Amino acid sequence: NNNNENNDKYEVKNVIVFQCGQCLSILSDSNYLVDMNESRGTVAFSAACSVVVVSDKILVSRKAVEFGSTYHGLSCQNCKANLGRKYITTSSHLDPIRSHFCFDVDAMKSYEVGRLSEEQPRNPMGMLQRLRIRQAQIMQLLLQMDRRVQHLEQKS
């Protein structure tokens, strides 16, 4: 399949914008990406646009992986679509996403700024995985630069 070949070769070079899957309102972008979890089908962000409504109601999860966690539901102000959760309390394995905006991948669409629509991958999670690889490469580079700076400072 030609689309799969394009997705395999796709490299994220710019900011990825995440939109409501129903009305296409902008929710957040990859600059605020905190976590992505394929098994839960979620992507977490440290910030979201004002169209994201945080419910006042506190709910308790009954799902096995997050059993007992409390959260507020997230919805789109414009179309009222359910988008995900904002956890208040979590078990220790979910601590990295507590207090963040956790959107369901199925509730979103995404695009990379500066790419034509026919060049965009069809799978948002695939695009995010490539972004994570790029972030890891940048972190490695920063760590190497830090070691070099420390070495130079010790010499002087």
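For every chain, the first residue of the written sequence is number 1, and numbering continues from 1 along that sequence. A pLDDT threshold of at least 70 governs which residues receive local features in this predicted model, and a stricter bar of 80 or more applies before side-chain atom pairs are shown or counted, although totals over entire chains, interfaces and linings include all residues. Side-chain metrics rest on all non-hydrogen atoms present in the structure, leaving aside hydrogens and water.

**Q** Before we go on, may I ask you to explain the pattern of salt bridges in this structure?
**A** If charged atoms from side chains of opposite charge come close, those side chains can pair. Salt bridges are counted wherever a side-chain nitrogen of Lys or Arg sits within 4 Å of a carboxyl oxygen of Asp or Glu. Under the definition given, this model contains three salt bridges. A salt bridge links E66 to R85; the nearest nitrogen and oxygen atoms lie 2.1 Å apart. Of this pair, E66 sits in the loop between β5 (52–60) and β6 (70–76) while R85 is found in strand β7 (residues 82–89), placing the two residues 19 residues apart along the sequence. Grouping residues by exposure puts E66 and R85 together as buried. Between R98 and D95 there is a salt bridge whose closest N-O contact spans 2.3 Å. The exposure class assigned to R98 is partly exposed, which follows from its relative accessible area of 32%. Helix and strand assignments come from DSSP, with helices taken as H or I runs of at least 4 residues and strands as E runs of at least 2, each series counted from the N terminus. Relative accessibility decides the category of a residue: with a 1.4 Å probe and only protein chains considered, values under 20% of the type maximum give buried, values over 50% give exposed, and everything between is partly exposed.

**Q** Even after reading the chapter, I still don't get the nonpolar core, so can you show me in this structure?
**A** Across soluble globular proteins, you tend to see nonpolar side chains buried next to one another. Residues L27, V43, F45, V52, L83, F103 and M108 are the most contacted members of the largest nonpolar core, which totals 19 residues. For this core, the elements supplying multiple residues, two or more each, are β1 (16–20), β3 (33–37), β4 (42–45), β6 and β8 (101–104). Top element by residues in this core is β1. It accounts for three residues. In contact with F103, other than residues within four places in its own chain, are L27, G41, T42, V43, F45, A48, V52, L74, L83, G84 and M108. Each nonpolar core is a collection of buried residues, namely Ala, Val, Leu, Ile, Met, Phe, Trp, Tyr and Cys, held together in the definition by side-chain atoms within 4.5 Å. Core analysis: the next-biggest nonpolar cluster, separate from the first, contains six residues, Y71, Y87, L94 and C102 among them. The contact criterion used is simple: two residues touch if any of their non-hydrogen atoms lie within 4.5 Å.

**Q** Hey, could you run me through the packing of aromatic side chains in this one?
**A** Aromatic rings in a pair are described by how distant their centres are and how their planes are angled relative to each other. Each Phe, Tyr or Trp ring, with Trp reduced to its six-membered ring, pairs with another whose centre is within 6.5 Å; inter-plane angles below 30 degrees give stacked pairs, above 60 give edge-to-face pairs, and intermediate values give tilted ones. Summed over the entire model, instances satisfying the criterion amount to three aromatic pairs. Grouped by ring-pair contacts, the aromatic residues F18, F45 and F103 constitute a single cluster. Lysine and arginine charges are scored as sitting over a ring when NZ or CZ, respectively, is within 6 Å of the ring centre and within 35 degrees of the ring normal. The ring of Y71 has R85 lying over it, and the distance from NZ or CZ to the ring centre is 3.9 Å.

**Q** Could you clarify how one ought to interpret the sheet that holds β7 in this entry?
**A** Across a sheet, paired strands are connected by hydrogen bonds in the backbone, their directions being either parallel or antiparallel. Overall, antiparallel pairing links the six strands, which are arranged β3-β4-β8-β7-β6-β5 in an open sheet. In this open sheet, the two edge strands, each paired with only one partner strand, are β3 and β5. Taking the axes of each pair of neighbouring strands and ignoring which way they run, one obtains an average angle of 25 degrees across the sheet. Criterion used throughout: strands pair if DSSP finds at least two bridges between them. For helices, the fitted axis covers only the stretch in contact; all axes are lines through C-alpha atoms, and the angles between them, taken along N-to-C directions, range from 0 to 180 degrees.

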